[in-house]
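# Coordinate inspection notes
In case you want the letters, here they are:
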Amino acid sequence: MWVPFNLHRDGKAAAVVMPHGGPTGQTLDSFNGNAELLASRGFVVIAPNVRGSTGYGMEFQNANIRDLGGGDLKDEIAGVDVLKATGFIDPKHVGIWGGPYGGYMALMAIGKAPSMWSAAADEYGILNWLTMLQHEDPGLQEYEKTLLGDPVKDRAIYEARSPLQYIRNETAPLLVLQGENDIRVPHEEAEQVVGILRAEGRTVDAVYYPDEGHGFVKREHQRDELARAVTWLQKYLQGAQ
């Protein structure tokens, strides 16, 4: 958790949840550039190590297998409850920013718990595990099956664990950032969510970075990514123009 220096405990600060990638990732107690950037702009930030994270034993790491976006999303929401209990934040000004599994989690969050979120930023997140299986590289196809099962026999699990089932419930303005050449989370995932929300008349914006894969390596794209995400969250959570 990151709190701006000398922040008043008056329930007025905006907050951002930052789910990590993976799903078997882990946010360490160390310098986090994105979190520090947000804290320097007045945001309270929390990055929970939810069910499925590494570092807490194999039982915990395997706790969200076939339950992606289930128990782990409840843990992200519990992070918001922790922030509320601090007395720092305004519960009506909470956002979520993450990628790539963190992007999936952001999409799942705004679809399954729409009343909690006032803004979201999704970086190369997964919308539909079935279309992911069609377009991702072969190694990841096999990894996805270890998380969700057989795509034919367990199709219902793939569908229930996909944000596609819930995304039309969202009300939070959504920013989507995607590399055009990403073979791990192909651009079709971003295009689907943007197309659906635009057809629904929702507030959504998208940037597709040329010559970028899974993550952005060009300095100009990294600067643009951070500037766009922070500006988006400031606009919808802090009222900044």
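If you're wondering where the values come from, they're calculated on a predicted model, not measured in any experiment. (Residues numbered from 1 in each chain as written. Predicted model: local features only at pLDDT ≥ 70, side-chain atom pairs only at ≥ 80, totals over all residues. Heavy atoms only, no water.)

This part is about the overall build of the protein chain. Along the backbone of the protein chain there are nine helices and six strands. Taking 241 residues into account, the globule formula puts the C-alpha radius of gyration at 18 Å, and the protein chain, at 17 Å, falls close to it. With the C-alpha coordinates aligned to their principal axes, the bounding extent of the protein chain is approximately 55 × 40 × 35 Å. Here the protein chain holds 241 residues, and the buried ones make up 52% of them. Within the protein chain, contacts between residues separated by at least 24 positions form 75% of all contacts whose residues are at least 6 apart in sequence. When the accessible surface of the protein chain is summed, it comes to about 10800 Å², and 49% of that surface belongs to carbon and sulfur atoms. (Helix = DSSP H or I, 4+ residues; strand = E, 2+ residues; numbered from the N terminus. Rg over C-alpha atoms; globule rule 2.2 N^0.38 Å. Buried < 20%, exposed > 50% of the residue type's maximum accessible area, 1.4 Å probe, protein only. Contact = heavy atoms within 4.5 Å. Areas by Shrake-Rupley, 256 points an atom, 1.4 Å probe, with all protein chains shown as cover.)

Strand order in the open sheet formed by six strands is β2-β1-β3-β4-β5-β6, with parallel pairing between adjacent strands. The sheet is open, and its two borders are formed by β2 (44–46) and β6 (204–209), each paired with just one other strand. Looking at each pair of strands side by side, their axes are set apart by 15° on average, direction ignored. In terms of strand pairing, strand β5 (residues 174–179) meets β6 through six bridges, oriented parallel. Note on β6: the bridge partner recorded for V176 is A206. Strands β3 (89–98), β4 (119–123) and β5 of the sheet are contacted by helix α4 (residues 101–112), whose axis makes an angle of about 140° with β3. Packed on one face of the sheet, helix α9 (residues 219–238) meets β1 (13–17), β3, β4, β5 and β6 and runs near 175° to β6. (Pairing = 2+ DSSP bridges. Axes fitted to C-alpha atoms, helices over the stretch in contact; angles between N-to-C directions.)

The subject of this paragraph is the side chain of T27. Positionally, T27 belongs in the loop between β1 and α1 (33–40). When residues no more than four places from it in sequence are discounted, the contact partners of T27 are W2, H20, N32, A47 and N49.

Further remarks concern unusual backbone geometry. At the junction of G22 and P23, the peptide bond is cis and its omega measures out at 15° in the coordinates. Residue placement: P23 occurs in the loop between β1 and α1. Following G99, the chain continues to P100 via a peptide bond in cis, the omega torsion being -15°. Following the sequence through the fold, P100 ends up in the loop between β3 and α4.

Our focus in this paragraph is a nonpolar patch on the surface. Together, M1, V3 and V82 give the surface a local cluster of nonpolar side chains, amounting to about 240 Å² of exposed area. Relative to the helices and strands, V82 resides in helix α3 (residues 71–86). (Patch = residues over 30% accessible without salt bridge, like charges linked within 9 Å, V, L, I, M, F, W, Y side chains within 5 Å. Salt bridge = Lys/Arg side-chain N within 4 Å of Asp/Glu carboxyl O.)

What follows is about the environment of V193. As for its placement among the helices and strands, V193 is situated in helix α8 (residues 187–199). Exposure remark for V193: the relative accessible area of 1% places this residue in the buried category.

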